[in-house]
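# Analysis of the macromolecular model
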Amino acid sequence: HIVRVTDYGVSENGKPFYVMEYLCGKSLKDLIPTPLPIFIAVCRQICLGLQCAHQGINIDGKIYPLIHRDIKPVNILVV
């Protein structure tokens, strides 16, 4: 439910960045409007992804929750 991050760092000019896996699909924005059954299925997947992110990742025995601060249809990919 969440895109994999394969690398991260800070650019030469001090900007943080991360590299995500490539996904072949469409943004949710491109699929709106959509039939209700598909909309409900996609909403469920979005909620599962957010739940997983908020449970966090384990790094050296410590849990770090992830927070996505820009949830919007254009940032949600449907594959």
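Reference entry: report on the structure contained in this document. (Residues numbered from 1 in each chain as written. Predicted model: local features only at pLDDT ≥ 70, side-chain atom pairs only at ≥ 80, totals over all residues. Heavy atoms only, no water.)

## Digging into a nonpolar patch on the surface
Here is the rule: In this scheme, patches are assembled from residues that exceed 30% relative accessible area and form no salt bridge. Like charges are connected within 9 Å, while nonpolar side chains (Val, Leu, Ile, Met, Phe, Trp, Tyr) are connected within 5 Å. Per-residue and other accessible areas follow the Shrake-Rupley method at a 1.4 Å probe size, with only the shown protein chains counted as cover for residues. A pairing counts as a salt bridge when a side-chain nitrogen of Lys or Arg comes within 4 Å of a carboxyl oxygen of Asp or Glu. Only DSSP runs of H or I with at least four residues qualify as helices, and only runs of E with at least two residues qualify as strands; both kinds are numbered from the N terminus onward. Each residue's exposure class comes from its accessible area (1.4 Å probe, protein chains only) as a fraction of the maximum for that residue type: buried when under 20%, exposed when over 50%, partly exposed otherwise.
A contiguous nonpolar patch, built from Val5, Tyr8, Tyr18 and Met20 and spanning about 500 Å² of accessible area, is present on the exposed surface. Among the elements of the structure, β1 (5-10) and β2 (16-20) are those that each provide at least two residues to the nonpolar patch. For methionine 20, the position within the fold is in strand β2. On the basis of relative accessible area, methionine 20 is assigned to the partly exposed category, the value being 43%.

## A short note on the pattern of salt bridges
For the coordinates displayed, the defined rule picks out one salt bridge. With its nearest N and O atoms 3.6 Å apart, the salt bridge here joins aspartate 70 to lysine 72. Judged by its relative accessible area of 36%, aspartate 70 is partly exposed.

## So, helix α2 (residues 36-55)
Counted only if it meets this: Helix span is expected to be 1.5 Å times the residue number reduced by one. What the arc covers is the set of directions going from the helix axis to the C-beta atoms. In what follows, residue pairs with any heavy atoms lying within 4.5 Å of each other are defined as contacts.
Over its 20 residues, α2 runs 29 Å from end to end, which matches the ideal 28 Å to within 8%, given 1.5 Å per residue. Where α2 is concerned, the buried positions are Val42, Gly49 and Ala53. Down the axis of α2, the smallest arc covering the buried residues is 40 degrees, so these residues share one side. Of the residues in α2, the exposed ones pointing more than 90 degrees away from the buried face are Leu36, Pro37, Arg44 and Gln55. Buried residues in α2 make contact with α1 (28-31) and β6 (77-78). After α2 finishes, the residue glycine 56 shows a positive phi value of roughly 90 degrees.

## Here's the deal with the side chain of serine 27
Locating serine 27 in the fold gives a position in strand β3 (residues 26-27). According to the relative accessible area criterion, serine 27 is buried, its value standing at 8%. Ignoring any residue separated from it by four or fewer positions in sequence, one finds serine 27 in contact with Pro73, Val74, Ile76 and Leu77.

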